[in-house]
Each structure stands twice: as C-alpha cells, then as structure tokens.
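Summary of the model geometry
Residue strings, one per chain:
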Amino acid sequence: MKLVKKSIEKDKSGYVTLYPEELEDMWHVYNLIQTEDQLKATTIRRIQSESATGSSSSQRVRLTLSIVVETVDFDPQAGLLRINGRVSSESQYVKMNSYHTIDLELNRNFTLFKNEWDTIALERVEDACDITKQADVAAIVCQEGLANICLVTQHMTIVRQRIETPIPRKRKGSVTNYEKGLGRFYDQVYQALLRHVNFDVVKGIIIASPGFVKDQLYHYIFDQAVKTENKLLMENRPKFLLVHCSSGHKHSLQEVMQDDAVKAKLADTKAAREVAALDKFYVMLNNDPDRAFYGFKHVVKANERGAIGTLMVTDALFRSADIATRRKYIELVEGVRASGGQVLVFSTLHVSGERKSLLNELNQLTGVAAILTFPLPDIEEEDEEEVAEENDDTQANTEEMDVADDLGL
C-alpha cells in the first residue's frame, strides 16, 4: 500500500489518502474504516433520466463521491470491500443523504477522514505502507496431486495458488505414468513458487507434507535450479525448511507453525512470536496462574499495577462499532506500552489467528489476555471481596424490603 497524502491535526482529526496494491492491503483498509468515518472514492452509480417525450433510460456514470460510513463488508478470499453509507457531498447526479455503496478496488486511490485517528489506526497505516513488513514466510503445503502456495504475512495468511493435478496410480510392473504425473505436478508447484514468492522479502520457505513428498519436491526444485542456472534460488537455499504435516490442505499450516524447527528458524517473525506467546500463556495459566490473567477487568487491574509483560488482544476488538469500547482497548494498549510491556495484536485471518484451540479460547475469554512480569494473587481476592460485598448489599436490600412489607409501607 502506498501513502499518497496524510494530514492529521493536533486534535487527531484528519485524513489519509491511500493506494492499495495487494490483497492484504484490503485487509488493512477493512480494519481502518469505522462507522461514522467519511470515505471519498471513485465509484459507479446508475443514473435514471427522463426525456422530453416521457421515455426513461438509465446509464452507469463514474464519479467521485463522499459518504459517511454505516456498514463495511469484506470478502477476504476475493479481496472485495464494500462500504455503504449516506452521501455527504452533493453532486450533479446524487442528492445529499441518499444511500450509496462504494466498492473499493486495488490500484485506485481513496481518502479516509476520521474525527480521531487513534494509535492503533495510525500504526496500521504505517505497517501497511512499510514494504519491509510484508510477507514473513512462504509455505508450500502439499501431498501427491495437491498443493497450496501460501504467504504468511504479519496480518493474514493468503493462499496465492491452489494446485490440483490427478496422479495416475502405480500399476504392477509399470510406474511410468505415475512418475510422469508426479513430474508434471512438481513442475507446476515449481513454477508457482517462482511466480508468487519474493525471495528478497521472505525470511523462510517451508515445504510441508505427509510422507516423502516434501523431500522429492525439494530435490526437484533444486535440480531445476541447477539445470536452468537459477542463481536466485541457489542463493536462497538456506531459507528452505522441510516439515512433516498431516495433509496438503491449508489448515495443516497450523500444525506446521507449531513445529519446533519452524519456531527456531522463524523466531523473529510476527507469526512465531504470537504462537510462542499463546503457548507461554497457557503454560503459565497451568503452572503459575497468578501471572496469567484474561478478561478486560482483570487485565486492566494488572496494568494499573504496571505488571503486564505481554498483552495479547484480537484485532476484532478494534473494529467494534461502539466508540467507547474501541477507546477503552486502545487506552489499555497505550498503557501497557507506556509501562514497557509488549503488545501483540492477533489477526483473525492470520495462521496463528486461525488456530481454533487457541484463538477461539482467547475470544471466549473476551479477546484479551496478559502474561505478567510478577504474580498478583490479590486480583482474584479483590474479586471475591467485591462479590461478597455485592451479596451483602443484595441481602441487606432484601431484608429492608421484607421489613417494609411487614410494616405495610
């Protein structure tokens, strides 16, 4: 994504003009746009006109409109982003306050106005426009006849190509057709790798499969690199890592990211940091529960004492339509950072975000959890005291009502 123009005032109001170039850019835009924001973009509207004779006709007109956002819909597979709202700038063809839906497109500028650009929104713009923060890892998850070429970026996992090729079965006394089919399949994967992976950006290339498919594919790739004198591939050979997985489907990437060899090789990537943090949280919750808390109320109390070492929060909380809810989580993030803590914002479309056993639980625990630098057993004790006080108050009120009823008041 390119930042075309940026103008933020001291009161945090202002606008940015952005130019989305990749599928992931639309994911960033989806997270940026909130209800009540103003969006200005080129769009198409069907215009009805009536002639002097009374006959009517319609035509599609391309024009630039500004709308006040009411709803945002995003299809992550197609990269389609549809924003609906009321028109805020009258034009020759469209009246003020009439409804219109803008389809944001790749390679086309748009301008986003906000009354308040908070820390999270500004960071997302910065991340989206920083080319060094693009795809961390490329992964080929495969089995015989099936391969998914994936790019694991900081914020989402993108399947750039799915390859399905029928492989003839081995026949008794002849494996020629089988080997030819396998060769065609490996060549398709090889060509897809060259087409979709930027070797200057990715920190690692994972080939994962059940059985020996990964080993055979790896040897095929570098046999071809030698034959074609592909120096780029040969120079990046140390980045390749072979890992076992249960199938060639995309969901197997979850188990790949859990592999110790992958964690070690990709230790400095966002995906690995998030996986490691979640694992550490659950270990802490079992072994040292006074240093692992979840739920907004407990985490805020821990932050007030400056005890949070790592805060984990899902990006869905920052997309809340309720401004007060969004602001309280932003204040929590800013407070943790001010105290020197690390903040990890988990993307719901990232491979670590799709790990059902972990992120779903984090969502069930209100979407926020923290690992503390020192234990705080008194937080739960305070809760017990508050519950006890509430019960006492409830009981006292009940007794007062009973006395009032007895006196006929």
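The sections below set out a description of the structure shown in this document. None of the values given here were measured: they were computed from a predicted structure.

Strand pairs in the sheet, formed through backbone hydrogen bonds, run parallel or antiparallel to each other. Taken in spatial order, the seven strands of this open sheet run 1-2-7-3-4-5-6, and their pairing is antiparallel. At either margin of the open sheet sits one strand with a lone partner, and together these are strand 1 (2–8) and strand 6 (99–104). Here the average twist between neighbouring strands, direction ignored, is 40°. As defined by bridge partners, strand 2 (residues 14–19) adjoins strand 7 (residues 110–114) across five bridges and the pair is classed as antiparallel. Bridging across to strand 7, Val 16 finds its partner in Leu 112. Where helix 1 (residues 23–32) meets the sheet, its contacts fall on strand 2, strand 4 (56–75), strand 5 (80–87), strand 6 and strand 7, and the angle it forms with strand 4 comes to roughly 75°.

Turning next to the packing of helix 9 (residues 296–304) against helix 10 (residues 323–338). Closest axis-to-axis distance for the helix 9/helix 10 pair is 10 Å, and the angle between their directions is 35°. For the pair helix 9 and helix 10, the crossing hand works out as left-handed. Where helix 9 approaches helix 10, its residues Phe 296, Val 299, Val 300 and Asn 303 are matched on the opposing element by Lys 328, Tyr 329, Leu 332, Gly 335 and Val 336. Here the contact of helix 9 with helix 10 is built from residues that sort into six nonpolar, two polar and one charged.

Take Ala 338: it is sitting in helix 10. The sequence separation of Ala 338 and Gly 306 amounts to 32 residues, and the corresponding C-alpha distance is 9.2 Å.

Let us look at the side chain of Asp 25. The topology assignment puts Asp 25 in helix 1. Buried charge Asp 25 goes without a salt bridge, the closest partner of opposite sign being Arg 124 at 9.6 Å. Beyond its immediate chain neighbours, meaning those up to four positions away, Asp 25 contacts Met 1, Pro 20 and Ala 128.

What you tend to see is this: most non-glycine residues have negative phi, and most peptide bonds are trans. Although it is not a glycine, Lys 12 adopts a positive phi angle of roughly 75°. Counting through the fold element by element, Lys 12 comes out in the loop between strand 1 and strand 2. The class for Lys 12 is partly exposed, based on a relative accessible area of 37%. Even without a glycine there, the phi angle at Asn 97 is positive, about 70°. By secondary structure assignment, the location of Asn 97 is in the loop between strand 5 and strand 6.

With six of seven residues buried, strand 14 (residues 308–314) lies mostly within the body of the structure. Relative to strand 15 (residues 342–346), strand 14 runs parallel, the two sharing five bridges. Counted as the bridge partner of Thr 314 is Phe 346 from strand 15. Between the parallel elements strand 14 and strand 15, the chain passes through helix 10 in a crossover that is right-handed.

Parameters and conventions
- Residues numbered from 1 in each chain as written.
- Predicted model: local features only at pLDDT ≥ 70, side-chain atom pairs only at ≥ 80, totals over all residues.
- Heavy atoms only, no water.
- Pairing = 2+ DSSP bridges.
- Helix = DSSP H or I, 4+ residues; strand = E, 2+ residues; numbered from the N terminus.
- Axes fitted to C-alpha atoms, helices over the stretch in contact; angles between N-to-C directions.
- Contact = heavy atoms within 4.5 Å.
- Left-handed = near helix turned anticlockwise from the far one by under 90°.
- Nonpolar A, V, L, I, M, F, W, Y, C, P; charged D, E, K, R; others polar.
- Buried < 20%, exposed > 50% of the residue type's maximum accessible area, 1.4 Å probe, protein only.
- Lys, Arg positive; Asp, Glu negative; His and termini not counted.
- Salt bridge = Lys/Arg side-chain N within 4 Å of Asp/Glu carboxyl O.
- Right-handed = clockwise from strand over helix to strand, strands pointing away.

These figures come from the coordinates and say nothing about function on their own.
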